[in-house]
Structure formats: structure tokens, C-alpha cells
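# Overview (structure and organization)
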Amino acid sequence: MTGLMAYVGARLEVVDPLGIIHVSELVKDFRRPKRIKGALGGLRTLVTRESVIKRAVDGIDFTVDEGEFLGYLGPNGAGKSTTIKMMTGILQPTSGKIEVAGIVPWRERQRNALNIGVVFGQKSQLWWDLPLRESLQIIGKLYAIDPARHRANVDWFVELLDLDPFFDTPVRQLSLGQRVRGDLAAAMLPEPRILFLDEPTIGLDVVAKERIRGFLSALNREAGTTVVLTTHDLDDVERLCRRIILIDGGKVTYDGDVESLKSRFVQQRRLVVKLAAGVEWRGVGIPGVAESIGDEAVELAFDPAEIQVSELITAVLADHQLTDVAIVEPELENVVHRIYASAGMA
Amino acid sequence: MTTEPRDFGREPAGRLIPWWRSYLVLLGAAWRSQFQYRANLFIMILSGVAWQGVGFAFIWVVVAKFGTIGGWSLSEIAFIYGIRLTAHGLFVVVSGRIFVLDTVIQEGEFDRYLVRPAGALAQLWNRQFYLPHLGDLLSGLVILIAAATEIPADWNVLTVGFLLLAVLSGGMIEGALQVIAASFAFRTMNTRQIRGMMDDIFSNFGGYPITIFPIAIRLILTFVIPLAFVAFFPSAVLTGRSGGLYVPEWLALMSPLAGPLLVLLAREVWRSQLKHYKSSGS
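Here the structure is a predicted model, which means the values were calculated and not measured.

### A look at the domain arrangement of chain A
Domain annotation for chain A reports domain 1 (2–262) and domain 2 (267–329). Here the C-alpha centre of domain 2 of chain A lies 45 Å away from the C-alpha centre of domain 1 of chain A.

### Some points on the interface of chain A and chain B
Contacts between the two partners involve 48 residues from chain A and, on the opposite side, 43 residues from chain B. Summed over both sides, the interface of chain A with chain B buries roughly 4,400 Å², with 57% coming from carbon and sulfur. The partner of Arg32(B) in a salt bridge is Glu134(A), and the shortest N-O contact between them spans 2.7 Å. Our enumeration of links across chain A and chain B arrives at 13 residue pairs in polar contact (both at pLDDT 80 or more). Those elements that provide at least two residues to the side of chain A that touches chain B are strand 1 (19–33), helix 3 (80–87), helix 4 (109–115), strand 5 (116–120), helix 5 (132–142), helix 6 (147–160) and helix 8 (206–223) of chain A. The element contributing the most residues to the side of chain A that touches chain B is helix 6 of chain A, with 7 residues. Here the residues of the side of chain A that touches chain B sort into 22 nonpolar, 9 polar and 17 charged.

### Let's talk about the layout of surface pockets
Residues and elements named next belong to chain B. If you add up the space inside the largest pocket, you get close to 1,500 Å³. In terms of lining residues, the largest pocket is bounded by 42 residues, among which Leu-121, Ala-122, Arg-267, Trp-270 and Arg-271 are the most central. With 7 residues, the top contributor of residues to the lining of the largest pocket is helix 13 (residues 255–274). Class assignment of the residues belonging to the lining of the largest pocket gives a composition of 28 nonpolar, 8 polar and 6 charged.

### Notes on the nonpolar core
Judged by nonpolar contacts, the single largest core of 176 residues is most densely connected at Ile21(A), Met87(A), Phe157(A) and Phe110(B). Tallying contributions element by element places helix 3 (residues 74–95) of chain B first for this core, with 11 residues. The residues touching Ile21(A), leaving out its near neighbours within four places in the chain, are Phe62(A), Thr63(A), Val64(A), Met87(A), Glu99(A), Val100(A), Ile194(A), Phe196(A) and Val228(A).

### Quick word on the packing of helix 6 of chain A against helix 8 of chain A
Residue and element names in this part refer to chain A. Running from N to C, helix 6 and helix 8 point in directions that differ by 135°, and their axes come no closer than 11 Å. Judged by the inter-axis angle, helix 6 sits oblique to helix 8. The way helix 6 lies across helix 8 gives a crossing that is right-handed. For the pair helix 6 and helix 8, the contacting residues are Trp-156, Phe-157 and Leu-160 in the first and Phe-215, Ala-218, Leu-219 and Glu-222 in the second. Each residue belonging to the contact of helix 6 with helix 8 can be placed in one class, and the counts come to 6 nonpolar, no polar and 1 charged.

### As for the pattern of salt bridges
Summed over all chains, the structure comprises 27 salt bridges over all chains. Across the pair Arg112(B) and Glu109(B) runs a salt bridge whose closest N-O atoms are separated by 3.8 Å. Of the charged contacts in the structure, one is a salt bridge between Arg127(B) and Glu109(B), with a shortest N-O distance of 2.9 Å. Taken together, the residues span a long stretch of sequence, with Arg127(B) in the loop between helix 6 (120–125) and helix 7 (132–150) and Glu109(B) in the loop between helix 4 (101–106) and helix 5 (110–114) at a distance of 18 residues. What you see here is one network of salt bridges that share partners, running through Lys209(A), Glu210(A), Arg213(A), Asp233(A), Asp236(A) and Arg239(A).

### With respect to unusual backbone geometry
All names here are of chain A. A positive phi angle is found at Ala-144, which is not glycine, with a value near 50°. Within the fold, Ala-144 resides in the loop between helix 5 and helix 6. Look at Ala-144 and you get buried, because its relative accessible area is 15%. Non-glycine residue Glu-199 carries a positive phi angle of around 50°.

Criteria and thresholds
Residues numbered from 1 in each chain as written. Chains lettered and ligands numbered in written order. Predicted model: local features only at pLDDT ≥ 70, side-chain atom pairs only at ≥ 80, totals over all residues. Heavy atoms only, no water. Domains from an automatic or database assignment. Contact = heavy atoms within 4.5 Å. Buried area = accessible area lost by both parts, 1.4 Å probe. Salt bridge = Lys/Arg side-chain N within 4 Å of Asp/Glu carboxyl O. Polar contact = N/O pair within 3.5 Å; in protein donor to acceptor, adjacent residues only side chain to side chain. Helix = DSSP H or I, 4+ residues; strand = E, 2+ residues; numbered from the N terminus. Nonpolar A, V, L, I, M, F, W, Y, C, P; charged D, E, K, R; others polar. 1 Å grid on protein atoms, 1.4 Å probe; cavity = no way out; pocket = protein on both sides within 12 Å on 5 of 7 lines; lining within 4 Å. Points joined across faces, edges and corners; volume = space filled by probe spheres on them. Core = buried A, V, L, I, M, F, W, Y, C linked by side-chain atoms within 4.5 Å. Buried < 20%, exposed > 50% of the residue type's maximum accessible area, 1.4 Å probe, protein only. Axes fitted to C-alpha atoms, helices over the stretch in contact; angles between N-to-C directions. Parallel < 35°, antiparallel > 145°, perpendicular 65-115°, else oblique. Left-handed = near helix turned anticlockwise from the far one by under 90°.

In C-alpha cells, the structure reads:
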């Protein structure tokens, strides 16, 4: 009954017309039988019906607009995968609303599957013993894709992902990077409007990562595919995502663009100066600037809201001869580590 | 240089197809996967035939020693055995290795079945086409046809029709019971033992006239694990014994309906249990 009410509620709610994914007050509890320790513990575990409830997702709200490239981040166990699994129809929410391209995923799992592509970096969805070419043919038949459209899409993916060298090799013989490329082609072949990626670049070398990022970027830019990316590789995020949602403990802790995340959590910039041969560091004498003197360079940390960069550089140049000056922007990697650490997660 | 196809991604290119069509597509994929190892093909099928042949030889020796068992001659017992094995063969050929469901769930492979526009069960069944199963079906058919020509039955359109429906229903009974038992794997229960036990009961008791067992076992094999409906009741009907059974005659005559009914029940149980699927942590 409550499920029905929630459904009616979702229909009546005025929603963002651009939104393609709507998540509100989403909760997922996992119930596990309580394990009883001690004598005959196994037997008592079976007999008693007691269970432990763990809340993996604890009231999440967000809307994703069509064409967005979203980074969905958080430490292990934060509830990332659980949210993705609810959006893809794998898991049924305990409560809350979820709508993907107008469909409630768990209620109409198969219809939802037509609108989404899913790639799990560690688990292939291809037919292990068959060549990639045949896997793509099977998918074409399973989704009843028009043959001409199928051919055009396959040609495009072969070109864009450079599948040709291994197109006729059984999937079990492919390298990890080749396999992930094959999985991406398989996921995008039915032209889903939304692509969900769970750690797509995990374990790949730099070249393979670049190729995959290039593909995702082209897909999002040219075809307008909405992408939701879960990853621990923050280079992926910096290169691809315009928006980030950070979650921890099953709750959203940040939702916004990459730049604001950096400025919100790391106010400081660093000015790195290299002194000319024989010049000794004499300090700048501006309050609020933290100096750390290394062998080759001096780093000055400052808050750009308080101190003008030009003012700082002028002060340095007044007393020193330099060979190089650089302003270092905070890296997302450090920012996220800092956020995790401050919340006691890392 | 290939460019992006015009209108790519404007709307999804796929649409839902009927369950039997996706089943056939997936079956084709499973077949082709298996045929990648061509050398294995005949060895695997032969191993299936050999395994079932040994099972039948055992009954043969027992019956040959005593002449009849419970008033049933060797050819009549072979008839029961043939129906049971053919029904089993149909079930396993259609369902592939449903026995791996526990593993498929534990290793997170089940997730990917749920993100495809096809039935989860059809995908599980066609995960792998297991060739020895063809041997089961082949042995069953050979024993059934040989026995059918030997027994004193009156073969006409009606009786042959009844036999065909009974065999189909028999396969459905075994399949439905296995699916019901497997469903509880979604509650993170280990279902391997219970399914193994059911398989043992089917292969150990299924080839004999149920009437040779004490009444308690007979009732269990009729109403708890409805094995009697697979081969024994149809055989009793076709050999003119349905009048003197431990159940009313109409029940034996209805045995071709048992399979479809159990399939409907299994479908409900599977669906209700699938809701409890937790997916493994990634």
C-alpha cells in the first residue's frame, strides 16, 4: 500500500522537465540474519529469526539532467553501488522514489533496461567463449535493433574504440583493456539514453584509460548520452565530470561542480618559487602566508580570498631573484582525501 | 573515417521482444559457445548416455533376477524409466545448469541478468549449454520407444497423445520443483543440498512403480514431492492399472495437468523470492 502511495506521489510531483533521473528520499536497508556466537551458534542463528538491519542508503535526493556527466563518488561502503543498483533495477529500494527516464526501475526492470547501458569494470557482460563480433550480434537480436542501425552503430564503435584488432577473438582471450572496450560497445549498441559506469578504468594502463575517456567524452558531447560514473580514479572525474555528488554513510555530502568542491574544501593555493643560484630565502613578511622551504623551491600557501596573487609575487620579487614561479591548483585527489579524512573515513 | 551515425542516441534502438524469442536468442548463444569446443561435443554427449545407461542397467539386473517387481514386468518398468528419463532430459536440456544459481548469485553474476531486457531465468538457463544433458534426453528416448513397443498397450491417437503430454508435464514437474527450491537462494540460503536431494529422489525413486514402497513413502512421493505424476501414474494409465491404485483414478488420469499447474506455482514463487535479491557487495 505504501508502495502504491509512493508511486502516485511520484507521478503528481512537479519535476524538473530536464531531469532524466529523479531520486528522492531514497533509502535501502539490508537485513541479515543475526549471527549468534558461542555453543551451537550456527544452529541458533538458523532457528531464531532475529536479524540485523544495516542502512546502506539513508535518504538520498538528487536530479540528473539529460546530457549531464555525473561523477558519483564516495569511499568504499558509502552506498554508491547500492544507489547505482537501484537506478539500474537490480535492487528494490526500501523506501523513497526513483525514476529513470520516466520509469520506476525495479517495477519495470526490463523496460528500464532498454533505456540504460551498464558497464561494471570488473564483470564482463559479454559471452565469454564467443568473439566480440558475435556478442554484439546477439545483443542486436536480444534488443531487436534494426539491422541497418545495428550495422552503423557497430561500425562507429569499431572506429571509435579501435575494436578491429581483436574483433574476432574470443572474449576470454582479451586483455582487460580490450574487454572493457568491448563491454562499452555492447552497452552502447542499443543507444541507451543513460550510461552507468562502475569503476570502468580500474586496473587499466594509462593508454587504455585515455582511450576509454575519449570514448565517453565523445559519447556525451556528440550523442548527448547522460553518464553516471562511479570511480576511485579522480583523474577520470577531473577529465570527464562537470558535476560531482559525494556520498558517505548513505547520505549526500556534496553536490555541485568540481571547481566549487575544490574551493569549498581547500581554500589554499600554493605559489611555488625557484630561487636563482646563490640567492637565499629571506621571507615575504605578509601575515597569513605559510612558508615551507625546500632544497630546490620554496612553497607559499595562501588563501586567495585574503591575499592577492599579484601582491604576493611582487613581495617575493622585491627581495629575491627567481628562475621560475608557478601557482599550483589543488588536485581533486588531495581534496577528496581531505574530505574523507575530515569525516573520519580514510 | 567513420562518423557518428545520424541521430545516434536520440532514442533507444531496442524494444522488448516476447520471452520465447529472447529465450531462443540466448539458447543460440549458449549453443554457439559450446560449439567453440567441437572436439568435446561427442565425448560429452556420450558421457551423458553412458551415465544414464549404467543407471538403467542396474534396474535391468534387478528385474531380470526377480522376473517382475510389484507385478510390473521388465518392459513395463523400462517404460516408467523411459518416461522419467525423457522428462528429465527435456527439463535439463531446456534449463541448462540451473544448479549453479547459488554460485551465480554469490559471485554477483546475477546482477547483469537484471540489467538486460530479458527474463532473468531465461538468462540463467542459457548461461551454458551442458552437452551431457543431450545424452540424458537421448537415452530416455531410446528406452522409452523400445519399451513402448514391448508393453501390452493399445497405441492409438489418444494414448500416444496422453503419453506425449505426460512426458512434457513430467519435465515441467521436475523443472518447477527445481526452480522453487532454487528461488530460496535469493534469501542468501544455501539451496544446493535441497536441490541435490530432490535430484537424487527423482533419479532413485522415479524409475520404479511407486506401489512397491510403503504407503507413507507413496503419499510423500505423491503429495509432497509429486514424483508419482511424472512417470508412474501415466504408466499405470497406459498399462491399464489406473483402477487399482492407492489414489482415485481421476487423479492419475489428470497427471498431464500437474506440470503446467506446478509451473504456474513456480513462477509465482520465483517472482516473490526475486524481490529479496540482495546482490553481493562489489
